[in-house]
Structures are given as structure tokens and as C-alpha cells.
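Notes for the structure review
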Amino acid sequence: SHDAEPFLPGTPEERADLEALRRTAADCRGCDLYRNATQTVFGEGSPGGRMLLIGEQPGDQEDRKGHPFVGPAGRVLDRALEEAGIERGDVYVTNAVKHFKFKRQEGGKRRIHEAPNAGEMRACRPWLLAELRLLDPEVVVALGATAGKALLGSSFRVTRQRGRLLPLPGLEAIGTPAAAREAGDEPPGDGGARLLATIHPSAVLRAEDREDVYQGLLDDLRIAASALR
Ligand code: URA
Ligand code: SF4
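Residues numbered from 1 in each chain as written. Chains lettered and ligands numbered in written order. Predicted model: local features only at pLDDT ≥ 70, side-chain atom pairs only at ≥ 80, totals over all residues.

Under an unreviewed UniProt entry, the name given to the protein chain is Type-4 uracil-DNA glycosylase, and the source organism is Actinomadura coerulea. Regarding the protein chain, the relevant UniProt record gives this comment under Sequence similarities (unreviewed entry): "Belongs to the uracil-DNA glycosylase (UDG) superfamily. Type 4 (UDGa) family." (UniProt positions renumbered as here; feature names shortened; annotations may be inferred.)

Set out below in C-alpha cells:
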């Protein structure tokens, strides 16, 4: 199969061990993105974190440093988490795709971000599922369209689905049309993990009305925080 599955550790014990997952992910060749990127950027944060935040893919700085959300978008996210009263000990941050995808600017050195395609998202899904299984979070936050599609399939739209607590689909459904059906449109009943989608923090940096867009992100994160039991 052309995906990450053959590169995951073999035993259930290792799959339940965050550091073992991280070590093996470093050698993943489940799709072509490892060829041009510097390194695998695996998720990081509190292993006991009740909130799992999912971005798109590492950016330029994340690719160089090997850690998620350490560039400009990460600074927006850090500020919003703090302002929403979400404690670091409650947070684990990862990406839907774990290698940086980019094109080189013509004749230049700058590396321009390119969104991962559906095949790359599917290829990398075993790592995301392993993180979801291991962390068993109370709340999953999808940051932006790519993360939303990685979880709820290609029908996901940020504008339509952001800012609402949805039931987190079962792991077997993640990334498929069944996930969108499971997440549904109804407010979830009691119990069970929640999914909340919001904008990507980089949208704040691109916006003309930065402060409004930032407030929208903050409002959504406060709703996510309210779902922590
Ligand atoms: N954008 C993302 O989606 N993830 C990162 O880790 C950094 C920027
Ligand atoms: Fe493996 Fe994901 Fe990197 Fe592709 S993007 S090589 S599936 S870790």
C-alpha cells in the first residue's frame, strides 16, 4: 500500500508509546513528501493532554527545527491558547501531514508552502490515527480546511462547520464520508469526545482585519475549552 501503515511500529505496545511512534515516524516513506523535506515533524505536547489540536502540515520553520507550530502561525496559536485559558498541560499539537510540502520560488531560495493533496493526507493518516488512539482526547480541534478534511473527508467546509462542538467520529470512519455523517449537524448528546473545527491560525496573519479574524479563532477555542470535562 502507498501509505504510512508499513512504517508504523509493529507491536501494540510500541504503538501505545509516543516516543516509539515518534522514532519510527522519522523514517516514514509512506508518500513522496519525505524526499524534499528536511525531516518528519511529529506531534508534540502533553501525553496526558485532553485537547488535541491538528494543523495542516509543518511550515518552513517547523521543517527546519523539527517541531510543530514554532513559526509565525504557532505564535498566533500560542497567544490564542493562552488567552482562551487552555493550559499547556492539556494540549498536544500535531499536523494532518507530517512532512513540509513546498515549491521553490523561481530562481529564489524561498520555499513556498503548498497544500497537501487528498492522497498525501490519506497516506499520512495512520500516524494521525495512532496519535488519536494513544492520546484519546476529550476534544479535538481541527485548525483549518486541511485538518477538517483529514478528519471529516473532502466535503468538509470551514465556513459552514467552524465553531460548533460535534461528536468526534469513530477512528474507523476518520477521513471518510462516514465521518461527516457521524459528526452530523446536531449538537452532541452527553458523553463522548468532541470535535471542533476553526480557522487555521495563519489565516489571521493573511487577513486584512487581523483583529476580527483573531477574535473568531479565540471564540472558537473558548468553545473547545468549554467541552473539557
Ligand atoms: N502550520 C501548520 O499547519 N502546522 C504547523 O506546524 C505550522 C504551521
Ligand atoms: Fe510518511 Fe506522512 Fe511524511 Fe508522507 S507525509 S512520508 S506519509 S510521515
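This is not the end of the story, as more comes after the structure.
Describing the overall build of the protein chain
Along the protein chain, the regular secondary structure elements total ten helices and eight strands. Computed over the C-alpha atoms, the radius of gyration of the protein chain is 17 Å, within 12% of the 17 Å expected from 2.2 N^0.38 for a compact globule of 229 residues. Expressed along its principal axes, the backbone C-alpha trace of the protein chain runs to roughly 45 × 45 × 35 Å. Buried positions account for 45% of the 229 residues belonging to the protein chain. Sequence separation of 24 or more characterises 72% of the internal contacts of the protein chain that already satisfy a separation of 6 or more. (Helix = DSSP H or I, 4+ residues; strand = E, 2+ residues; numbered from the N terminus. Rg over C-alpha atoms; globule rule 2.2 N^0.38 Å. Buried ≥ 20, exposed ≤ 12 C-beta atoms within 10 Å, placed from the backbone. Contact = placed C-beta atoms within 7 Å.)

Quick word on the site of ligand 2
Taken together, 16 residues lie near ligand 2, and Cys-28, Gly-30, Cys-31, His-99 and Cys-124 sit nearest. It is helix H5 (residues 118-135) that contributes the most residues to the shell around ligand 2, four residues altogether. The residue inventory of the shell around ligand 2, partitioned by class, reads ten nonpolar, three polar and three charged. (Near = placed C-beta within 6 Å. Nonpolar A, V, L, I, M, F, W, Y, C, P; charged D, E, K, R; others polar.)

Describing the sheet that holds strand E1 (residues 44-45)
Strand pairing in a sheet relies on backbone hydrogen bonds, with the paired strands running either antiparallel or parallel. In spatial order, the strands read E1-E3-E2-E6-E8-E7; together these six strands make up an open sheet with mixed pairing. Edge strands, defined here as strands with exactly one partner in the open sheet, are E1 and strand E7 (166-167). Two elements, strand E6 (residues 139-143) and strand E8 (residues 194-198), share five bridges in a ladder whose sense is parallel. Following the sheet pairing, Val-141 is matched in E8 by Leu-196. (Pairing = 2+ DSSP bridges.)

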